[in-house]
Amino acid sequence: MSVLTCLWLEDFSDRHSDDFWEDAGAVSLWRAPAMPAFEVQPLPAEAHEGSVARFACKISANPPAVITWELNRTALPTATDRITALPSGVLQIYNVQPKDAGNYRCVATTPANRRKSAEASLTVLAASATKSFQKPAIVAGPQNMTASLHQTVVFECLATGQPKPIVSWSRLDHKSIDVFNTRVLGNGNLMISDVKAQHSGVYVCRATIPGTRNFTTAMATLLVLAPPSFVEWPESLTRPRAGTARFACQAEGIPAPRVTWLKNGRKIHSNGRIKMYNSKLVINQIIPEDDAIYQCLAENSQGSLLARARLTVVLSEDRPSAPCNVHAETMSSSAILLAWERPLYNSDKVIAYSVHYMKAEGLNNEEYQVVIGNDTTHYIIDDLEAASNYTFYIVAYMPMGASQMSDHVTQHTLEDVPLRAPEISLTSRSPSDILVSWLPIPAKYRRGQVVSFRLSFRRSAESAVQAVELPGSTYEHLLRNLNPDTVYLVRIAAATRIGWGEASLWTSHRTPKATSVKAPKSPELRLEPLNCTTIAVKWQQDLADTAAIQGYKLYYKEEGQQESAPTLLEASVLTHTISGLDPRRKYHVRLLAYNSLEEGYQADQTVSTPGCVSVRDRLVPPPPPPHHLYAKANTSSTIYLHWGRPAFTSAQAINYTVRCNPVGLQNASLVLYLQTSETHLLIQGLEASTRYEFAVRLHVDQLSSPWSPVLYHTTLPEAPSGPPLGVKVTLIEEDTALVSWKPPDGERTAVSRYTILYASRKAWIAGEWQVLHREGTITMALLEHLLAGNVYVVQIAASNEAGEGPFSSAVELAVSPNEMSESNQRPKRLDSAGAPETAPSGYYPLDQKSMTGIIVGVCIALTCILLCILILIYRSKARKTSASKSLPPGSGPRPRGNLSSAGAGEVGKSVEGIAENEEALLPMMAGNSFLDAKGGTDLIINSFGPITKSSSKKKWAFFQELRKGKLEEPQKQCAQAACVYQAGAAVLYAEGQPCGAAEPGYQAGYGMAADTEHSANSEGSHDTGDSGRFSHESSEELPLSVGAGASSATSVSWEGPDMHVPPTCPVLSASKEPPDQRPPSPLRLPPPGQN
């Protein structure tokens, strides 16, 4: 037999007939069926040398045929890297060469037959016509495929470009591709063997030019069919007679399985007692015959599955009779009052009543049950639909069982206004009309019979509204005589016999332009909710439309929100899925075709998403939301989000929806919704330095959880893209320069630190920089210890936690000896704007703001100086007046002996006199006298008294006159000047008068305010290191005001070069060791600040 078969293949290899075994009749009388014709045959093609070529053929045979290829009627070798033959019947030739030219055909072979396709020629063009660079393009992309379990699937991806692009694959849901069951065929085709349910998804092919960001993508969906599998099995029950039994059975599979119920192997038919709905079996008023085995049969195109459960009926003879005199009364459009009387038999044993109700119209209506106590005989059912008939009955329960059903009563709810407006669709047939169409309102929201529609429309720029009322049986209307290229707003309302319902929100539609003669017509749009968060958009272009179509633009928005950015779709795509929506929301979808010339007529339609409720039991609560949300910013545009999965009793597949939007976003259409099956997600494409809010919800078994608590997180700032601006360097001292700058440009650029590099030219050439760092809020720094005769180079860069920005252009600063001698008078400044080249030597340019500041400062300084002079003149006059009042007329100098023989009482009187005139007498000391209240280093005290340095630089007549006036003061006050201040171990002694004569409690009452301030400034200047220093030499020019503790108002003159000591005044001396002729009782004053 095998030898004859081989001979037949050789003899009939070139024949196209469908006959089999004609010459072997003696061997076998069986005649094989003919192989069908090719559905797709190869077509002639042209290709440039070095590019790609492709042929395809397709045939349907059972068993499936094996496809091989021939070139010029010779078997084509496919074991090379350039040629790939896919199992689907596609031939790919990479890097086409002249020897590849010829005639190609495919050969389909089965175990019993063989068929050859028509031939197609390949023409190879010269390579000179190709470009040096060509963007990537996908010549043949993947196609949507449906496969059964354990089959093999091949996604094709053939790309061209110059240089040769690299092809990669990924999943749209960011899941990893199964590396164990997938491999790449040729130069980019993806083959998945032994497909499973988890392989279902959208696969993305990406072709990228190496080393560039030029890429293109194509995607296709793989749907893996699966046989039914149970996720909920029916459980065996034991119920009393007249009770109620409920069996639940839930199955899943692709396609969705159909569930059928059997009783002891026979199909169950619904009747008044037995109901089947939503894969559930409900048996009311159980009778003994209901005791049986019940089977749940789930089946689809891939197989079937059976589950079973047992119902055991418990019999009891001591049951109450049924409730009697049941009657119902309509209360409103959603409520009916039900009342009854107690059972006539064993009513005292009733422990509860069960109220049963269902819709009276239709088959397999779901029955609802409410259990109430035995203390009432009426109940109001208030969750009914308007304008509907309902059937009610009552059952009484006792511990041993339930009564029979009461009589059935039927009652009708009242009508009400429609709960929802119709969902409308808007299209244009010409530039001057709009066709408005709508679907009937679902009965659940209609709440009665619709008798009228009111269609309102207006221009978007006007407030005047036109309205048209239409009969309730009308479902479309054409608005005529409209303006071309104008946006119109349309809405609709419906009315029952009770009244008008709420109108829909305005839906916008732009009429086409009057010149749009070649624009594509509006497509026929259909919207279908797939679940509570997903809408399927389908459309069909008018076959009579001859306009060229380049693609489609799809817009959508939630009603009342702003429209999202358009989704661009290819011309061959006629379906699209919108996900990440909210349940029970109305959405407006707009679609239009476009070409290279203009956009086509648009189609608008609205659709409502359903609520996320359980299909098994409307009383099943939703699953809990994800918990423990955690976010971490990776870069300025990405945030990593992680959350925890709630605990479930069953290991079911869970999907998550992640909601992401900036905080304070007003446009709800810009909210980002992402789908994933993992408990983490990397969110990309975010704005830098922006605060986002995140929330996650899960979907399991057609149930959706609430949104998780909102989590807030901020993206990292962008690294500074530019250098600091306006860099300026100013020489403020002979070895110190001040550098200042402005922050870099960028609203979202946050700076946390500045880096200042500076070095002399020699060090700069050697790459040796000195580095300073300043906080991001500081825009200036001091460059110290600069060396004369060098030119310094300064550069500044800004940085933050995201990275460091570029350095500014180099700014030079010349430090020369000539400039150092004049640095305090003429500071030198260089900046990045090139000012040093244009400014005269020794000066730097001043802008208008600087000049204004200098003028204002000079004016304020002159005003202060004038005020000080006036105050000094006024006080000088006041001192003279006070001094004349404090001395009695005719008092003259006292001899030395009088002073030494003064008693303690006289000293006390003199002290009291001084205290009374302390304010007038305090400034009476000579202007060049210096008394250091803190024991400072500028105080020099010898045996003749304190000596101060005299300044020969400036002598003012004003202070000379003041000195003369003080020398003429009465000399009786010199006695109190003998007891002066002691600092440290130095003691002040009075020659000729013992200090012990002073009052014990009399201490230094006046400090040296002017000197204290000067000392603080001079000490602080050594620490700052900036231009605000004071030298000790500069203190010589300052007029010092002094005050002595015991003699702050005396006319004591300290010995010095320009001073004269009156002979009658005691001379003070200071030493650490008292002189030989020490006064008997020296006075030691405490340090300043002690009491």
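Residues numbered from 1 in each chain as written. Predicted model: local features only at pLDDT ≥ 70, side-chain atom pairs only at ≥ 80, totals over all residues. Heavy atoms only, no water.

A surface patch of nonpolar side chains, about 710 Å² in accessible area, is lined by Met851, Ile854, Ile855, Val858, Leu862, Ile865, Ile869 and Ile873. Checked against the element boundaries, Met851 lands in helix H6 (residues 848–886). Owing to a relative accessible area of 39%, Met851 belongs among the partly exposed residues under this scheme. (Patch = residues over 30% accessible without salt bridge, like charges linked within 9 Å, V, L, I, M, F, W, Y side chains within 5 Å. Areas by Shrake-Rupley, 256 points an atom, 1.4 Å probe, with all protein chains shown as cover. Salt bridge = Lys/Arg side-chain N within 4 Å of Asp/Glu carboxyl O. Helix = DSSP H or I, 4+ residues; strand = E, 2+ residues; numbered from the N terminus. Buried < 20%, exposed > 50% of the residue type's maximum accessible area, 1.4 Å probe, protein only.)

The next subject is the state of the cysteines. Tallied over the full model, the rule gives three disulfides. Two residues share a disulfide in this structure: Cys57 and Cys106, whose sulfurs sit 2.4 Å from each other. Taking the torsion about the S-S bond as the criterion, the Cys57 to Cys106 disulfide, at about 135°, is right-handed. One end of the pair, Cys57, is in the loop between strand E2 (53–56) and strand E3 (66–71); the other, Cys106, is in strand E7 (residues 102–110), and 49 residues separate them in sequence. Owing to a relative accessible area of 0%, Cys106 belongs among the buried residues under this scheme. With its sulfur 1.9 Å from that of its partner, Cys249 forms a disulfide with Cys296. Taking the sign of the S-S torsion, -75° for the link of Cys249 and Cys296, the bridge is left-handed. On the criterion of sequence distance, the pair formed by Cys249 in the loop between strand E20 (245–248) and strand E21 (250–254) and Cys296 in strand E26 (residues 292–300) is long-range, its members being 47 residues apart. You can call Cys249 buried: its relative accessible area is 2%. Looking at Cys296, the relative accessible area reads 0%, which means it is buried. (Disulfide = S-S within 2.5 Å.)

The omega torsion across Asn62 and Pro63 is 0°, close enough to zero to call that bond cis. Structurally, Pro63 is set in the loop between E2 and E3. Cis peptide bonds are those with omega within 30 degrees of zero, and the linkage from Gln162 to Pro163 qualifies with 0°. By secondary structure assignment, the location of Pro163 is in the loop between strand E13 (158–162) and strand E14 (166–171). One non-glycine residue with positive phi stands out, namely Asp194, at about 55°. In this structure, Asp194 sits in the loop between strand E16 (189–192) and strand E17 (201–208). By relative accessible area, which is 28% here, Asp194 ends up partly exposed.

Moving on to the nonpolar core. Formed by 23 residues in total, the largest nonpolar core has its most connected members in Phe55, Trp69, Leu91, Ile93, Tyr104 and Leu122. Beyond its immediate stretch of four places on either side in the chain, Leu91 contacts Ala53, Arg54, Phe55, Trp69, Leu76, Ile83, Thr84, Ala85 and Tyr104. Formed by 21 residues, the second largest nonpolar core is a distinct cluster that contains Ala245, Phe247, Cys296 and Val313. (Core = buried A, V, L, I, M, F, W, Y, C linked by side-chain atoms within 4.5 Å. Contact = heavy atoms within 4.5 Å.)

Bringing the sheet that holds strand E47 (residues 575–578) into the picture now. The strand order across the open sheet built from three strands is E43-E44-E47, with neighbouring strands paired in antiparallel fashion. Looking at which strands have only one partner, the edges of the open sheet turn out to be strand E43 (524–531) and E47. Strand-to-strand twist of the sheet, defined as the mean angle between neighbouring strand axes without regard to direction, takes the value 20°. (Pairing = 2+ DSSP bridges. Axes fitted to C-alpha atoms, helices over the stretch in contact; angles between N-to-C directions.)

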